[in-house]
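Structure assessment
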Amino acid sequence: MSTAEPHGLETRNQQHAFASPSVLRWGQHLVTAILLAIALLRQLATQDAALPAILVSVLFAGWYSAGFIAHSKAGAFAVRAWWLALLLGIWVASLFVSAEFMWLAFSLWLLLGHQLPFLLSILWSVVVYAFTLLAPYLHHGRLSIAAIAGPLVGGLFAWGISRGYLHMERDAQVRTSLVNSLVRAQHEMADLQEELARSQHEAGIATERTRLAREIHDTVAQQLSSIGLHAKAAEASKEPDAAEKALVRIDELSGQALTDLRRIIAALAPAELDSQALAGALNRILENFEADSNVGTRLDIEPGLPALEPSVQIALLRTAQSALSNVLRHAHASVVAISLSSSGDEVRLDIVDDGVGFTPNSGPAQTSTEAGGFGLKAMNQRLRELGGGLDIESSPGEGTALCAHLPINVAKDKS
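Just so it is clear, the structure is predicted and the values come from calculations on it, not from any experiment.

Counting its secondary structure elements, the chain contains 11 helices and seven strands. Within the chain, the fraction of its 415 residues that count as buried is 36%. Contacts in the chain between residues at least 24 apart in sequence constitute 68% of all its contacts with a sequence separation of at least 6. Surface summary for the chain: the accessible area is close to 24,000 Å², and the carbon and sulfur share equals 61%.

Put into structure tokens, the structure is as follows:
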């Protein structure tokens, strides 16, 4: 997984984690505002103690708003005990002004259930309920069944909502923490994989350099040293026969050095690319293929192809050789065509035959050929290592078309 995807996953989960609590909190503010407005309007309608009712309403609304503004941080909310205590005191004072302000008890139960520990929230909710029973008794001198049952049902409902709200927030925090841990683990895994790949690459380079150094030291370097010794011996020799023998030996050693050097070079690159370009190499293997199989061949090279890196040429040449081996063994074709072209930043090698075809992902064409050749899976793997791939189109009786594509500049794409 790329690093962009984990970061998007983290952001989406954080948004989901705080979406519901934020909605509920604003819902609580709206409920508080509505209840305060109802209490004030009902009191003003009685035309009794209007100014004290307005003053206590403004005081309650101001202290409530100031507390939420001061204590809200980064999507979380935690009030101070003194702020909550003073808010309850303002509410109790409002009950002495008018029993209508008992409507605000519902909002206080929401706040107590969310902000206080379990047992304390129950205790203070009972205290608030007691004041809701006391207020109508002080103002009207009596209590009705509705005045007792209504606040009780409302209090239980509000307290239950607030506790559920609290658990939702905690679950959201746990979920966000787990997602963040997962994202960090993914980043660490990606870094470890990158470090491992880099170490393996560097180890491979070091191993190859060591092999080449040892090979050159044990062959060409020793032969050149011997040539130098024989040359000095010939120069210092007073006898013509000895000088002639030294020159003969120098000729032998130079031939051996040249042979060993060519063998080392051949191990680094296909022999077909030593003295000719990719187009010439493809033409040569097609000529050999036609001579061995009596299958007609055709080669199309797009004019003006850009220069290709050796690794790209080698991969395309090996792909063509493997594809022709599959055609010879399995296709029973009469004609096979190879075309080399470029498209944008890619070079394409198409191999098309009119043979029996096969169903991709099954059949003998998917297996490796004998004698160290490459099947389709091996071709695809070679091309993928250089940032390309192999596309296959075939069906029984309809022939087969392979398209090998590689970036023109492999080194730039890998960097």
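After that view, the rundown keeps rolling.
Before going further, it helps to examine the pattern of salt bridges. Any two side chains of opposite charge can pair, so long as their charged atoms come close to each other. Within this structure, the stated rule accounts for five salt bridges. Members of the salt-bridge network, linked through shared partners, are Glu194, Glu195 and Arg198.

Right, let's get into helix H9 (residues 310-331). In this model H9 runs 30 Å from its N-terminal to its C-terminal C-alpha over 22 residues, within 8% of the 32 Å that 1.5 Å per residue would give. Where H9 terminates, the next one or two residues include His332, which has phi positive at roughly 55°.

Glancing now at the nonpolar core. Formed by 34 residues in total, the largest nonpolar core has its most connected members in Leu282, Leu316, Val347, Leu349 and Leu406. Broken down by secondary-structure element, the contributors of at least two residues to this core are helix H8 (278-293), H9, strand E4 (335-343), strand E5 (346-353), helix H10 (376-385) and strand E7 (400-407). Among the elements that take part in this core, H9 stands out by supplying nine residues, more than any other. Setting aside chain neighbours within four positions, we find Leu282 in contact with Leu299, Leu317, Ala320, Leu340 and Leu349.

Tracing the chain through its elements places Asp350 in strand E5. Residue class for Asp350 comes out buried when judged on its relative accessible area of 16%. If sequence neighbours within four positions are ignored, Asp350 has contacts with Ala337, Ile338, Ser339, Leu402 and Cys403.

Looking now at the side chain of Ser94. Among the structural elements, Ser94 can be located in helix H3 (residues 81-97). One polar contact links the side chain of Ser94 to the main-chain carbonyl oxygen of Trp91, over a distance of 2.5 Å. For Ser94, the residues in contact, after removing those within four places along its chain, are Val56 and Phe101.

What follows deals with the sheet that holds strand E3 (residues 296-301). Taken in spatial order, the five strands of this open sheet run E3-E4-E5-E7-E6, and their pairing is mixed. Of all the strands in the sheet, just E3 and strand E6 (389-394) have a single pairing partner and so form its edges. The sheet shows a mean angle of 15° between the axes of neighbouring strands, direction not considered. Note that E3 and E4 share six bridges and pair parallel. Residue pairing across strands places Leu299 opposite Ile338, the latter belonging to E4. Against the sheet, H10 contacts E6 and E7, and its axis sits at roughly 145° relative to E6.

Put simply, H8 and H9 touch, their axes get as near as 11 Å, and they point 15° apart. In this view, H8 runs roughly parallel relative to H9, as classed from their interaxial angle. Handedness of the H8/H9 crossing: right-handed. Within the contact between the two elements, H8 uses Leu278, Ala281, Leu282, Ile285, Leu286, Phe289 and Ser293 and H9 uses Gln313, Leu316, Leu317, Ala320, Gln321, Leu324, Val327 and Leu328. Here the contact of H8 with H9 is composed, by residue class, of 12 nonpolar, three polar and no charged.

In this model, the chain carries a mean pLDDT of 76, and residues with pLDDT of at least 70 account for 81%. In this model residues 1-19 is a low-confidence stretch, pLDDT under 50, and it forms 19 contacts with partners more than four residues away in sequence or in other chains. Scored below 50 in pLDDT, residues 363-374 shows 21 contacts in the model against residues more than four places distant or in partner chains.

Cut-off values and rules
Residues numbered from 1 in each chain as written. Predicted model: local features only at pLDDT ≥ 70, side-chain atom pairs only at ≥ 80, totals over all residues. Heavy atoms only, no water. Helix = DSSP H or I, 4+ residues; strand = E, 2+ residues; numbered from the N terminus. Buried < 20%, exposed > 50% of the residue type's maximum accessible area, 1.4 Å probe, protein only. Contact = heavy atoms within 4.5 Å. Areas by Shrake-Rupley, 256 points an atom, 1.4 Å probe, with all protein chains shown as cover. Salt bridge = Lys/Arg side-chain N within 4 Å of Asp/Glu carboxyl O. Expected span 1.5 Å × (residues − 1). Core = buried A, V, L, I, M, F, W, Y, C linked by side-chain atoms within 4.5 Å. Polar contact = N/O pair within 3.5 Å; in protein donor to acceptor, adjacent residues only side chain to side chain. Pairing = 2+ DSSP bridges. Axes fitted to C-alpha atoms, helices over the stretch in contact; angles between N-to-C directions. Parallel < 35°, antiparallel > 145°, perpendicular 65-115°, else oblique. Left-handed = near helix turned anticlockwise from the far one by under 90°. Nonpolar A, V, L, I, M, F, W, Y, C, P; charged D, E, K, R; others polar. pLDDT = per-residue confidence, 0-100.

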